[in-house]
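Chain residues, written in single-letter form:
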Protein chains: 2
Amino acid sequence: MKPEPGPHESELTRVTAAIDPTDPECERAAWERLDSLTKPPRSLGRLEQIAARVARIQRTSKPSVARKAVILAAADHGVVAEGVSPYPQDVTWQMVANFVSGGAAINQIARSVGAEVLVYDVGVAHDLSGHDAVIGRKVAAGTQNMANGPAMTREQCAQAVSVGVRAATDAIDDGFTLIGTGEMGIGNSTAAAALTAAYTGRGPLDVVGPGTGLDEQGIAHKAHVVERALAVNRVDRLDALGVLAAVGGLEIAALAGVMIGCAARRTACVVDGYISGAAALSACALCPQAADYLLASHLSAEPGHRIVLEKLGLEPVFTLDMRLGEGTGAALAFGVIDAACAVLSGMATFAEAGVSGAG
Amino acid sequence: MKPEPGPHESELTRVTAAIDPTDPECERAAWERLDSLTKPPRSLGRLEQIAARVARIQRTSKPSVARKAVILAAADHGVVAEGVSPYPQDVTWQMVANFVSGGAAINQIARSVGAEVLVYDVGVAHDLSGHDAVIGRKVAAGTQNMANGPAMTREQCAQAVSVGVRAATDAIDDGFTLIGTGEMGIGNSTAAAALTAAYTGRGPLDVVGPGTGLDEQGIAHKAHVVERALAVNRVDRLDALGVLAAVGGLEIAALAGVMIGCAARRTACVVDGYISGAAALSACALCPQAADYLLASHLSAEPGHRIVLEKLGLEPVFTLDMRLGEGTGAALAFGVIDAACAVLSGMATFAEAGVSGAG
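Rules and cut-offs
- Residues numbered from 1 in each chain as written.
- Chains lettered and ligands numbered in written order.
- Predicted model: local features only at pLDDT ≥ 70, side-chain atom pairs only at ≥ 80, totals over all residues.
- Heavy atoms only, no water.
- Helix = DSSP H or I, 4+ residues; strand = E, 2+ residues; numbered from the N terminus.
- Rg over C-alpha atoms; globule rule 2.2 N^0.38 Å.
- Buried < 20%, exposed > 50% of the residue type's maximum accessible area, 1.4 Å probe, protein only.
- Areas by Shrake-Rupley, 256 points an atom, 1.4 Å probe, with all protein chains shown as cover.
- Core = buried A, V, L, I, M, F, W, Y, C linked by side-chain atoms within 4.5 Å.
- Contact = heavy atoms within 4.5 Å.
- Buried area = accessible area lost by both parts, 1.4 Å probe.
- Polar contact = N/O pair within 3.5 Å; in protein donor to acceptor, adjacent residues only side chain to side chain.
- Nonpolar A, V, L, I, M, F, W, Y, C, P; charged D, E, K, R; others polar.
- Pairing = 2+ DSSP bridges.
- Axes fitted to C-alpha atoms, helices over the stretch in contact; angles between N-to-C directions.
- Parallel < 35°, antiparallel > 145°, perpendicular 65-115°, else oblique.
- Left-handed = near helix turned anticlockwise from the far one by under 90°.
- Salt bridge = Lys/Arg side-chain N within 4 Å of Asp/Glu carboxyl O.
- Least-squares fit on C-alpha atoms with pLDDT ≥ 70 in both.
- Expected span 1.5 Å × (residues − 1).
- Arc of directions from axis to C-beta.

Please clarify how the overall build of chain A should be interpreted in this entry.
For chain A, the helix and strand inventory stands at 15 helices and six strands. A globule of 359 residues ought to have a C-alpha radius of gyration of about 21 Å, and chain A, at 20 Å, matches this closely. Taking the principal axes of the C-alpha coordinates as reference, chain A spans close to 70 × 45 × 40 Å. Counting only residues that meet the buried cut, chain A has 64% of its 359 residues in that class. Carbon and sulfur atoms provide 49% of the accessible area of chain A, an area that totals close to 12200 Å².

Structure (structure tokens):
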């Protein structure tokens, strides 16, 4: 039996109820325009499909994604007590410091595609208040150990989702027209695996992988931890928020919120890898309409990711065996999405260019 | 028996003989650096491999591809008389006009990744002298019909290769640090198929495809035309220039030259789709060393392209079902290659960032 909703959960229900469907008429108009441009019809393949999807989301036949941001949410995980990661928990805050000083992979990739990185502390177990560039929205100093009980309370989880909704709408208000998701949190591939198992019904062994670098024995142990977490919490997959609170993470909840916030503002959201994919499963469980506003960036080397994308019905832009997170795949996909929109919005038609058609 | 080489062929022999191998020691240093950066080792997958390859080509452990250009070569094909394309020959020059006025797909994609497009007329059957932005290097007003005899004389072919070598070295002298290949030429997927068959020994049916949009009957006819061209010209696959002259194209020869010119200047060259791939086969037949300077951009929807990439030993960056040419795939890959180099050259090491390593 679900408890009475708290204020954050009630707010979330209001936000999700107000989300509009995307517009198939705009997609149809985009295809009509694509087929009139100076190229053999459909010869840009997936690029045209991406452009048509953004057109549908933005409700225009000339979409633009000029200003791009990765919203990177960081938080810690109580489940690291089970020894699920080869890296110590301190790496979470150390990497946050690295993000704001510009030394991480996401900084280089974002700069190379002309995107900004907005770093949110949703639940890092370390005082980051000295880092001005970190946007402080700490809900708790990390989650509880999901192998012993729920990772978060229901209200903490809803609050973390709200942080993400607000992060997205603030970014969109600031003029960003394409949002990507990124995360940092030692232990979060265990949470992603537990969420994927819970939302899809797949077994722990199907959804766990090496994460940052576990060996076979480590992966088997991680599967046991996921199994324990699912058993201890007796999650009900039809209770979307309950699942996310029990076996999710604060940064994952926030990213689910980012996706919901993007949908609320009719803005395309690019999903990074496996952890972000688990956030997307959560977002779509909370609000099925949100799925239409998502684009998948890459297929991660983490084995559970394929299951996530199948469940979401999303096709990745590329497969580059990446498994880093941070939003690196999303940022890399920004370049392709930008090019796709540039083609649809900027090319001349056969008539405009005076080019003969097929005989 | 090969004829005495003319001046262009002799010059080409001098250029190819002077090409140095790439430096495995620089690649090793790049991997050492990649493994010291703040990310789990190898967690950026193919991106790291791309960065290491560019490091090896540029002979540095901090490669940069800041200034990028697509060299787009255009020419006409006598084989269009056989009805191998649904588009009339005039589309070649009409699209060249479209390139220089900025209305084509390549213009939008190049702009979106910050690359320039350098348009060369190597053999368009139309007077383009009124278009100032077209770089006029016409060797002939299109090729002869390869189904009846050689497409070019040996010297014409060597001259077209020289045009490409010079185009690459001029661009590199102008400060471009990454070059991509693009082409326009109605009928050129037939030439690409004939070259692929000749250089790989595969049959015509394995290497022909719809091109700009043939139906099944059209594809079968195209295979017959390729078969006739190979039979009439009795090509000797060990005579690289002879093959290219007999069943190639002026723009394909020029792009082979671009690849050789890049190798001569230790510069990475990004190969676009099937037609550019046939140029790469030609370049590597003329000069096997050139292969080490190439990066494949995408796997085209054109079925023969897979055979080309296998023969070249190149793995594409992505598969997006593109089949347009113009350099669109190469330009799109520029973004990924730029990001890869930015990661290798710009990230902080664990020591620099004060991040703990794996336990």
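Having seen it, we continue.
Is there a simple way to explain the nonpolar core in this structure?
Within soluble globular proteins, side chains that are nonpolar generally end up buried alongside one another. Counting residues in each nonpolar core, the largest one holds 291 residues, and the members touching the most others are I260(A), I337(A) and I337(B). In contact with I260(A), other than residues within four places in its own chain, are L12(A), V15(A), T16(A), I19(A), V161(A), V165(A), A283(A), L286(A) and C287(A).

What is the right way to read the interface of chain B and chain A from this model?
One widely used convention gives an interface's size as the accessible area the parts lose upon coming together. Counting from both sides, the interface comprises 51 residues of chain B and, opposite them, 51 residues of chain A. Both faces considered, chain B and chain A share a buried interface measuring about 4000 Å² in area, 66% of it formed by carbon and sulfur atoms. Summed over the shared surface of chain B and chain A, the result is 13 residue pairs in polar contact (both at pLDDT 80 or more). The leading source of residues in the side of chain B that touches chain A is helix α14 (residues 328–346) of chain B, at nine residues. Looking at side-chain class alone, the side of chain B that touches chain A contains 28 nonpolar, 16 polar and seven charged residues.

What exactly am I supposed to notice about the sheet that holds strand β1 (residues 68–75) of chain B here?
Working definition: the strands of a sheet are paired by backbone hydrogen bonds and lie parallel or antiparallel to each other. All names here are of chain B. Reading across the sheet, the six strands line up as β3-β2-β1-β4-β5-β6 and stay open at both edges, with parallel pairing between neighbours. One side of each edge strand has no neighbouring strand; the edge strands of this open sheet are β3 (135–136) and β6 (294–296). Of the strands in this sheet, β1, β2 (115–123) and β4 (178–184) touch helix α4 (residues 90–101), which is tilted by about 140° from β4.

Just to check I follow, could you spell out the sheet that holds strand β5 (residues 269–271) of chain A for this structure?
Residues and elements named next belong to chain A. Across the sheet, six strands lie side by side as β3-β2-β1-β4-β5-β6; this open sheet has parallel pairing. Every interior strand has two partners, whereas the edge strands, β3 (135–136) and β6 (294–296), have only one. Bridge analysis of β5 against β6 gives three bridges, and the strand direction is parallel. Bridge pairing in β6 links V271 to A296. Against the sheet, helix α12 (residues 274–286) engages β4 (178–184), β5 and β6, with an angle of about 115° to β4.

Please clarify how the environment of A66(A) should be interpreted in this entry.
Mapped onto the fold, A66(A) is located in the loop between α3 (46–58) and β1 (68–75). Considered as a pair, A66(A) and T177(A) are 111 residues apart in the sequence and their alpha carbons are 6.5 Å apart.

What should I look at first to understand unusual backbone geometry in this one?
Backbone geometry follows two general trends: most residues other than glycine have a negative phi, and most peptide bonds adopt the trans configuration. All names here are of chain A. With a phi angle near 55°, R266 is a residue other than glycine that sits in the positive phi range. Structurally, the position occupied by R266 is in the loop between α11 (250–264) and β5. Owing to a relative accessible area of 37%, R266 belongs among the partly exposed residues under this scheme.

Would you take a moment to explain the packing of helix α1 (residues 7–17) of chain B against helix α6 (residues 154–173) of chain B for this structure?
Two measures define how a pair of helices packs: the angle their axes make with one another and the distance between the axes. Residues and elements named next belong to chain B. Interhelical geometry of α1 versus α6 gives an angle of 45° and a closest axis separation of 8 Å. Taken together, the axis directions place α1 and α6 in an arrangement best described as oblique. Seen along the crossing, α1 lies across α6 with a hand that is left-handed. Residues P7, H8, E9, E11, L12 and V15 of α1 lie in contact with α6, whose contacting residues are R154, E155, A158, Q159, V161, S162 and V165. Per-class residue counts for the contact of α1 with α6 are six nonpolar, three polar and four charged.

Looking at this model, I keep getting lost on the pattern of salt bridges. Mind explaining?
Two side chains carrying opposite charge are able to pair once their charged atoms lie near each other. Residues and elements named next belong to chain A. Within the structure shown, the criterion is met by 32 salt bridges over all chains. Its salt-bridge partner being R56, residue E27 comes within 2.9 Å of it at the nearest N-O pair. With E27 in helix α2 (residues 24–34) and R56 in helix α3, the pair connects residues that are 29 residues apart, well separated along the chain. On the basis of relative accessible area, E27 is assigned to the partly exposed category, the value being 22%.

Sorry, what's going on with the relation of the copies chain B and chain A here?
There are two copies of the chain, and a rotation about an axis plus a shift along that axis relates them. The two copies are related by a screw operation: chain B maps onto chain A through 180° of rotation and 0.0 Å of translation along the axis, at an RMSD of 0.0 Å. The superposition of one copy onto the other is thereby described by a two-fold rotation axis. Distance from the rotation axis, computed per C-alpha, reaches its smallest value in chain B at F318(B): 2.8 Å. The residues that chain B uses at the interface reappear at the interface of chain A in 100% of cases, marking a shared surface.

Is there a simple way to explain the packing of helix α6 (residues 154–173) of chain A against α11(A) in this structure?
Residue and element names in this part refer to chain A. Where α6 contacts α11, the axes come no closer than 6 Å and their chain directions differ by 45°. Here α11 runs oblique to α6, going by the angle between their axes. The two elements α6 and α11 meet at a crossing, and its hand is right-handed. For the pair α6 and α11, contact is made by Q156, C157, A160, V161, G164, V165, A167, A168, T169 and I172 and by L250, A253, A254, G257, V258, I260, G261 and C262, respectively. Class assignment for the residues of the contact of α6 with α11 results in 13 nonpolar, five polar and no charged.

So what exactly am I meant to see when it comes to the side chain of T196(B) here?
Relative to the assigned elements, T196(B) resides in helix α7 (residues 188–200). Discounting residues that sit within four places of it in the chain, T196(B) has contacts with G201(B), V207(B), Y274(B), A278(B), L281(B), G304(B), I307(B) and V308(B).

So what exactly am I meant to see when it comes to α6(B) here?
Every α-helix winds through 3.6 residues per turn, so residues three or four apart in the chain are directed the same way. All names here are of chain B. Relative to the 28 Å expected for 20 residues at 1.5 Å per residue, α6 spans 28 Å between its end C-alpha atoms, a close match to the ideal helical length. Counting buried residues in α6 gives 14 out of 20 residues, a clear majority hidden from the surface. Following α6 by one or two positions, G175 adopts a phi angle in the positive range, close to 105°.

Any chance you could explain the pairing of β2(B) here in plain terms?
Walk down a regular strand and you will see the side chains alternate between the two sheet faces. Residue and element names in this part refer to chain B. Of all nine residues making up β2, seven are buried, and the element is well covered by its neighbours. By the bridge criterion, eight bridges tie β1 to β2 in an arrangement that is parallel. When the sheet's bridge partners are listed, L72 is paired in β2 with V119.

Even after reading the chapter, I still don't get α2(A), so can you show me in this structure?
All names here are of chain A. Residues of α2 that are buried include every one of C26, A30, W31, R33 and L34, and no others. Along the axis of α2, the buried positions cluster into a sector of 160°, meaning they face one direction only. Of the surrounding secondary structure, the elements contacted by the buried residues of α2 are α3 and α14 (328–346). Of the residues flanking the start of α2, the one acting as N-cap is D23, its side-chain oxygen 2.8 Å from the backbone nitrogen of E25.

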